[in-house]
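Report on the structure
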Amino acid sequence: MDVVIVESPAKAKTINKYLGKNYEVIASFGHVRDLPAKDGSVDPEADFKMLWETDAKAAKRLAEIAALVKDADRVVLATDPDREGEAISWHVLEVLRNKKVLKDKPVQRVVFNAITKDSILEAMRHPREIDQSLVEAYLARRALDYLVGFNLSPVLWRKLPGAKSAGRVQSVALRLVCDRELEIEKFVTREYWSLVAHLRTAKDAPFLARLVGADGKKIQRLDIGAGAEAEAFKAALETAAFTVKSVEAKPARRNPSAPFTTSTLQQEASRKLGMAPETTMRVAQKLYEGVDLGGETVGLITYMRTDGVDVAPEAISATRAVIGAEFGKNYVPDVPRKYTVKAKNAQEAHEAIRPTDSARLPKDVAQFLQTDQARLYELIWTRLVASQMESALLERTTVDIEAKAGARTLDLRATGQVVRFDGFLKLYQEGRDDEAEDEESGRLPAMSEGESCKKDSIEATQHFTEPPPRYTEATLVKRMEELSIGRPSTYASTLAVLRERDYVKLEKKRLIPEDKGRLVTAFLEGFFGRYVGYDFTADLEGQLDRISNAEIDWKQVLRDFWGDFSLAVGGAMELRTTDILENLNELLGPHIFPEKADGSSPRACPACAAGQLSLKLGKFGAFIGCSNYPECKFTRTLSDRGEQGEGARPGVKVLGENPDNGLEITLRDGRFGAYVQEGEPATKEDKPRRSSLPATLKPDDVTLDKALTLLSLPREVARHPDTGEAILAGIGRYGSYVQHKKTYANLSKDDDVLEIGGNRAIDLIMTKEAGGGRGKAGGEMKTFGDHPQGGAIALKAGRFGPYLAWGKVNATLPKGTDLQTLTLEDAVKIVDAKAAGAPSDGRLLGEHPDGGPIAARPGRFGAYVSWNKVNATLPKSMTLETITLEEAIRLIEDRIASGGGKPVKKKAAAKKPAAKKATAKKAENAEADEAETDEKPKKPAVKKAPAKKPAAKKKIEDSDDTPF
């Protein structure tokens with residue numbers, strides 16, 4: 001028997017079907033070793049010796065692999081065809097050697113670009129050795145990332161409170177976003193005017209012509225800079241006679257774009273599908289590893305991490321056949337198109353991302369795919385097919401028109417474009433990041449030289465130049481690739497880290513740097529400028545590429561880097577706080593100290609007028625304070641740039657007046673956050689009406705109407721069904737709440753105190769009054785009747801909301817359930833679904849390899865996956881809608897390996913639940929606790945343990961703060 005080792009179980013399952021009984025295909029579940037996050041994992045003093053660590057999850061998998069290899073005839077390493085894949089194979093091989101299970105067994109490496117039967121069998125016929133040059137390139141990259149991150153991040157923690165981390169590529173990508181923001185802030189708007197004549201031909205056909213010259217001089221876009229000048233040109237054109245001076249029509253061709261690389265796929269999926277790069281790669285991974293198409297598992301696309309644009313000859317032939325069948329012979333070019341890559345060192349998997357079979361049309365496979373999978377497959381298929389279609393044939397027409405106005409001669413130009421043959425445009429047109437006005441998109445009417453034109457009107461339009469746009473994820477990926485920063489395979493994870501660290505935020509698809517991100521960038525530019533430089537980072541990438549080509553020694557690259565970098569780190573540790581702050585004041589000046597309209601010093605303190613504003617470092621991060629502290633205690637946040645009129649009060653924004661009493665309504669910065677206030681206190685003893693902002697409302701979104709609503713709190717939202725008394729909604733010291741008499745219930749993060757309705761408020765109060773709510777589980781609220789299989793179904797108050805109890809089955813109510821209209825029939829459906837293993841609010845992903853259903857659920861503190869009492873929170877990069885079974889298995893394995901839970905063997909379920917009521921209060925509480933797992937991940941149920949096992953006694957809340 002031959003053992004074949006791959007990364008993922010999905011890949012293993014597909015390949016096993018192709019190879020037959022003489023092969024055993026097993027997955028390593030990705031990387032099996034990594035550098036532990038501690039000092040000495042890479043030791044420069046020992047010639048960069050690297051200490052690798054195997055975690056508990058990987059150790060279990062490696063033990064299974066070693067057991068199979070021990071009795072195998074041959075070992076085949078079939079991981080992905082790139083550096084990461086080569087590294088995984090190398091790691092597995094090193095572990096197997098250390099376990100001494102290989103002996104004299106042959107070990108071979110095979111690579112394939114697509115998971116299809118032909119590709120797999122062809123790869124097995126051509127094995128090779130592990131490529132040591134690719135492994136060394138991986139080792140150098142991993143060592144560099146460790147040395148930068150592990151040495152630079154502590155500098156940030158000590159010198160810049162609130163900063164979380166720095167990275168070799170991450171920090172440079174962040175600098176790109178911050179530099180663009182600085183460009184925008186420094187941008188000076190410039191006024192300009194354009195003049196357009198609405199004309200008609202001799203045959204009365206309308207068209208537009210723009211002013212491009214006057215009196216023998218060309219007029220460029222920004223040349224007319226004042227309204228008076230524009231009006232002078234307009235007056236001349238109003239009296240001018242218009243004659244066609246020349247007509248020129250030129251043919252043009254537009255060629256299709258090359259098939260997708262990793263980078264261009266991420267860009268286009270972002271533009272056309274709105275997918276984040278990380279989502280794109282996750283969906284592409286699934287399409288590559290295989291999808292069940294009516295009983296047959298097939299890899300639908302080739303390997304998705306590639307710099308290459310080449311396509312296999314047989315794939316080109318198949319694609320040309322599809323074009324002929326679907327669009328006609330006119331759309332098939334005489335000669336197949338050949339594309340070449342522009343990257344300096346495109347390597348790894350050289351073929352472009354394409355469908356494994358072009359004849360597998362998107363409409364034919366859509367029924368077997370999830371929505372995102374179908375959309376991405378169609379995009380990849382369309383791009384490949386379009387890349388082999390005939391060019392589009394265009395005709396661009398330019399008409400120059402002379403306007404005579406007395407002694408003056410003005411020049412106008414009309415342009416147009418028509419498509420003579422659509423070619424590949426019939427199927428596909430590449431997206432653009434920033435749509436510009438297309439002046440050549442229209443067709444011009446027929447005109448001839450010397451023809452007179454009639455004037456309808458003259459239009460003078462004022463414009464203002466705009467700053468460069470903020471990066472989208474697509475344009476940032478494109479810019480990183482242009483600058484050779486990082487590898488395309490790492491772009492998705494780099495952008496995800498920037499968001500998770502709160503260094504950038506995504507608004508309207510644009511990346512905006514947070515203050516924290518700008519501080520980190522300014523600090524690194526000031527004291528580690530070389531290492532966040534674009535040229536330096538690109539040069540280092542070039543050296544890594546040369547290592548992969550066996551051109552230079554990888555350890556020499558590390559020696560050259562470490563010598564200067566270690567000195568820079570040591571020097572930064574010795575920096576005084578005042579030096580750091582002055583440097584940051586200089587670099588961030590345009591952002592935190594914008595120029596004032598009156599020309600006064602932007603750093604003058606608005607409170608005391610004598611002190612200077614400067615960055616200050618506090619326990620929770622940076623802020624702006626006065627140099628005259630403690631005499632002057634003026635402070636503000638970095639985001640509050642002091643953009644107020646003359647005489648404005650620091651930290652105070654006037655929203656308007658209360659129409660009922662004429663008192664001023666203001667938004668203010670407080671010690672514990674923003675709040676709104678009515679009027680000003682006449683004496684120190686007076687307390688004006690104030691209200692904090694709810695978590696759902698940002699300070700920038702506060703209007704006069706919303707402020708008045710907040711100040712009117714608490715407000716009545718419903719009447720209690722039993723007492724008839726008011727249920728109020730308000731904001732208190734600990735957040736938003738609803739209240740009935742002396743009963744208070746906190747609102748969840750999904751509830752808005754300004755908009756909460758009566759039904760929801762009643763549910764919260766009744767749950768709380770029944771003994772439920774945060775902190776404890778309550779008793780029975782209502783009995784619906786008996787289940788068809790026997791036993792009563794009751795509504796109970798749970799710790800995190802009401803739930804249904806039927807025997808040993810506890811089911812959380814789906815969001816939005818109205819307790820007042822819930823019927824026995826509805827309750828039966830909910831508990832039956834729960835008994836069958838389906839989540840009451842979420843989705844069933846499939847079976848775990850060890851048995852038992854895996855479900856993805858929304859929780860009180862974020863979405864999570866659950867299996868057999870083990871719960872694992874989803875990282876920010878995953879959602880309930882997109883997480884796959886394989887990803888869920890990995891999260892659960894990680895959770896178990898970290899000690900966060902152990903799978904519990906389920907008892908055989910009884911056919912009918914016990915109809916007798918539980919007499920012990922302890923049993924009732926246990927049922928309530930079990931129901932709570934539908935709302936929030938918690939540690940698996942553990943019997944009372946001896947004192948030496950305190951972990952079993954942790955509260956449920958503790959598990960939600962654990963990073964996964």
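Note that the coordinates shown come from a computational prediction; the quantities given were computed from them, not determined experimentally.

Topic: the overall build of the protein chain
Helix and strand counts for the protein chain stand at 25 helices and 36 strands. The 964 residues of the protein chain split such that 48% are buried. Partitioning the intrachain contacts of the protein chain with sequence separation of at least 6 by distance along the chain shows that 65% fall at a separation of at least 24. Looking at the protein chain as shown, the accessible area adds up to about 48000 Å², and 49% of this sits on carbon and sulfur atoms.

Comments concerning unusual backbone geometry
Note that the residue after tyrosine 629, namely proline 630, is joined by a cis bond; omega there is 10°. Here proline 630 shows up in the loop between strand S19 (621-626) and strand S20 (635-636). The amide bond that connects leucine 713 to the next residue, proline 714, takes the cis arrangement and shows omega of 0°. As for its position among the elements, proline 714 is in the loop between helix H20 (704-711) and strand S25 (715-719). Of note, the phi angle at lysine 103 is positive, near 55°, even though the residue is not glycine.

Considerations on the sheet that holds strand S6 (residues 107-109)
The parallel open sheet is built from four strands, whose spatial order is S2-S1-S5-S6. In the strand order of this sheet, the two ends are held by strand S2 (23-27) and S6, each with one partner. Going across the sheet, the axis of each strand differs from the next one's by a mean of 25°, ignoring polarity. As paired elements, strand S5 (residues 74-77) and S6 share three bridges and run parallel to each other. When the sheet's bridge partners are listed, valine 76 is paired in S6 with glutamine 108. Relative to the sheet, helix H2 (residues 56-70) contacts strand S1 (2-6), S2 and S5, its axis offset from that of S2 by approximately 165°. The sheet contacts of helix H3 (residues 83-99) involve S1, S5 and S6, and relative to S6 the element is tilted by about 170°.

Points about the pattern of salt bridges
Charged atoms that come close allow side chains of opposite charge to pair. Scanning all chains against the criterion turns up 50 salt bridges. Lysine 455 serves as the salt-bridge partner of glutamate 238, at 3.3 Å between the closest nitrogen and oxygen. With glutamate 238 in helix H7 (residues 227-238) and lysine 455 in strand S15 (residues 452-464), the pair connects residues that are 217 residues apart, well separated along the chain. Of the charged contacts, one joins lysine 250 and glutamate 248 as a salt bridge, the two residues approaching to 3.6 Å between their closest N and O atoms. Ionic contacts of the salt-bridge type, sharing partners, join the residues Asp47, Asp553, Lys555 and Arg559 into one network.

Quick word on the side chain of glutamine 170
Position of glutamine 170 relative to the elements: it lies in helix H6 (residues 170-186). Each residue touching glutamine 170, except ones within four places of it in the same chain, is listed here: Ser165, Thr494, Val497, Leu498 and Tyr503.

Here's the deal with the nonpolar core
Counting residues in each nonpolar core, the largest one holds 97 residues, and the members touching the most others are Ile5, Leu96, Phe523, Leu524, Phe528, Phe565 and Leu615. Here this core gets 13 residues from one element, more than from any other, and that element is helix H5 (residues 132-159). Apart from residues no more than four positions distant in its own chain, isoleucine 5 is found in contact with Ile26, Ile65, Val75, Val76, Leu77, Ala78, Thr79, Val92 and Leu96.

Looking at the packing of aromatic side chains
For the structure shown, the criterion picks out 16 aromatic pairs. A ring pair is formed by tryptophan 52 and tryptophan 90, whose centres lie 6.3 Å apart and whose planes are at 75°; its orientation type is edge-to-face. Of this pair, tryptophan 52 sits in the loop between strand S4 (49-50) and H2 while tryptophan 90 sits in helix H3, and the two are 38 residues apart along the sequence. Feature note: the residues Phe523, Phe527, Phe528, Tyr531, Phe536, Phe561, Trp562 and Phe565 constitute an aromatic cluster, connected by ring pairs. The ring of tyrosine 534 has arginine 175 sitting right over it, with the charged end atom 4.3 Å from the ring centre. The ring of tyrosine 471 has arginine 180 sitting right over it, with the charged end atom 4.4 Å from the ring centre.

A short note on the packing of helix H8 (residues 262-273) against helix H14 (residues 488-500)
Their axes nearest at 7 Å, the elements H8 and H14 cross at an angle of 40°. In terms of orientation, H8 and H14 fall into the oblique class. Every residue of H14 that contacts H8 at Thr262, Ser263 and Gln266 is listed here: Pro488, Ser489, Tyr491 and Ala492. Taken together, the residues of the contact of H8 with H14 break down into three nonpolar, four polar and no charged.

A closer look at the packing of H3 against H5
Across the interface, H3 lies against H5 with an axial gap of 9 Å and an inter-helix angle of 95°. In terms of orientation, H3 lies roughly perpendicular with respect to H5. Note on element contacts: H5 touches H3 through Gln132, Leu134, Val135, Ala137, Tyr138, Leu139 and Arg141, opposite Arg83, Glu84, Glu86, Ala87, Trp90 and His91.

Points about the pairing of strand S7 (residues 191-200)
Where burial is concerned, most of S7 is hidden: seven out of the ten residues are buried. Judged from the ten bridges that link them, S7 and S15 form a sheet pairing that is antiparallel. Bridge pairing in S15 links serine 194 to threonine 461. Two strands pair when backbone bridges link them, and S7 and strand S8 (residues 206-214) are joined in this way by five bridges, in the antiparallel orientation. Following the sheet pairing, alanine 197 is matched in S8 by alanine 209.

Focus: empty space enclosed by the protein
Within the structure shown, the criterion is met by four cavities of 30 Å³ or more. As a volume, the largest cavity reaches approximately 90 Å³. Looking at the largest cavity, the residues that line it are Val148, Leu152, Gly167, Arg168, Ser171, Tyr531, Val532, Phe536, Thr537, Phe561 and Phe565. For the lining of the largest cavity, the secondary structure elements donating two or more residues are H5, helix H16 (534-548) and helix H17 (554-573). A breakdown of the residues in the lining of the largest cavity according to their chemical character gives seven nonpolar, three polar and one charged.

Quick look at the sheet that holds strand S35 (residues 864-867)
Sheet strands line up and pair through hydrogen bonds in the backbone, either parallel or antiparallel. Taken in spatial order, the four strands make up an open sheet running S33-S34-S35-S36, and their pairing is antiparallel. Across the chains shown, the open sheet's two edge strands, defined by having one partner strand only, are strand S33 (843-847) and strand S36 (870-873). Strand-to-strand twist across the sheet, computed as the mean angle between neighbouring axes with direction ignored, equals 20°. One ladder, built from three bridges, connects strand S34 (residues 853-857) with S35; its direction is antiparallel. By the bridge assignment, alanine 855 is partnered in S35 with serine 866.

So, the confidence of the model for the protein chain
With 86% of its residues at a pLDDT of 70 or more, the protein chain has an overall mean of 82. Note on residues 643-648: pLDDT under 50 across the span, and four contacts to partners over four residues away in sequence or across chains. Segment residues 904-964 is flagged for pLDDT under 50; beyond a separation of four residues in sequence, or across chains, it makes 93 contacts in the model.

Quick notes on the UniProt feature "site: Interaction with DNA" (unreviewed entry) in the protein chain
According to UniProt, the positions carrying the feature "site: Interaction with DNA" (unreviewed entry) are His31, Arg141, Arg142, Asp145, Trp157, Arg305 and Arg501. Mapped onto the elements of the fold, histidine 31 is located in the loop between S2 and strand S3 (42-43). Excluding anything up to four places from it in sequence, histidine 31 contacts Glu84, Ala87, Ile88, His91 and Tyr138. The topology assignment puts arginine 305 in the loop between strand S12 (296-298) and helix H10 (313-327).

Topic: the state of the cysteines
When the sulfur atoms of two cysteines share a covalent bond, that bond is a disulfide. Tallied over the entire structure, the rule returns zero disulfides. Counting only cysteine sulfurs, cysteine 626 is the nearest neighbor of cysteine 608, a cysteine outside any disulfide, at a range of 3.7 Å. Classification of cysteine 608 by relative accessible area gives partly exposed; the value is 30%.

A short note on the side chain of histidine 720
Examined against the element boundaries, histidine 720 turns out to sit in the loop between S25 and strand S26 (726-732). There is a polar contact of 3.0 Å between the side chain of histidine 720 and the backbone nitrogen of aspartate 722. Among residues more than four places away in sequence, those in contact with histidine 720 are Glu725, Ile727, His740, Ile765 and Glu769.

Details of the environment of arginine 733
For arginine 733, the location among the structural elements is in the loop between S26 and strand S27 (735-740). Sequence separation between arginine 733 and serine 692 is 41 residues, and the spatial gap between their C-alpha atoms is 8.8 Å.

Cut-offs applied
Residues numbered from 1 in each chain as written. Predicted model: local features only at pLDDT ≥ 70, side-chain atom pairs only at ≥ 80, totals over all residues. Heavy atoms only, no water. Helix = DSSP H or I, 4+ residues; strand = E, 2+ residues; numbered from the N terminus. Buried < 20%, exposed > 50% of the residue type's maximum accessible area, 1.4 Å probe, protein only. Contact = heavy atoms within 4.5 Å. Areas by Shrake-Rupley, 256 points an atom, 1.4 Å probe, with all protein chains shown as cover. Pairing = 2+ DSSP bridges. Axes fitted to C-alpha atoms, helices over the stretch in contact; angles between N-to-C directions. Salt bridge = Lys/Arg side-chain N within 4 Å of Asp/Glu carboxyl O. Core = buried A, V, L, I, M, F, W, Y, C linked by side-chain atoms within 4.5 Å. Phe/Tyr/Trp six-rings, centres within 6.5 Å; stacked < 30°, edge-to-face > 60°. Lys NZ or Arg CZ within 6 Å of the ring centre and 35° of its normal. Parallel < 35°, antiparallel > 145°, perpendicular 65-115°, else oblique. Nonpolar A, V, L, I, M, F, W, Y, C, P; charged D, E, K, R; others polar. 1 Å grid on protein atoms, 1.4 Å probe; cavity = no way out; pocket = protein on both sides within 12 Å on 5 of 7 lines; lining within 4 Å. Points joined across faces, edges and corners; volume = space filled by probe spheres on them. pLDDT = per-residue confidence, 0-100. UniProt positions renumbered as here; feature names shortened; annotations may be inferred. Disulfide = S-S within 2.5 Å. Polar contact = N/O pair within 3.5 Å; in protein donor to acceptor, adjacent residues only side chain to side chain.

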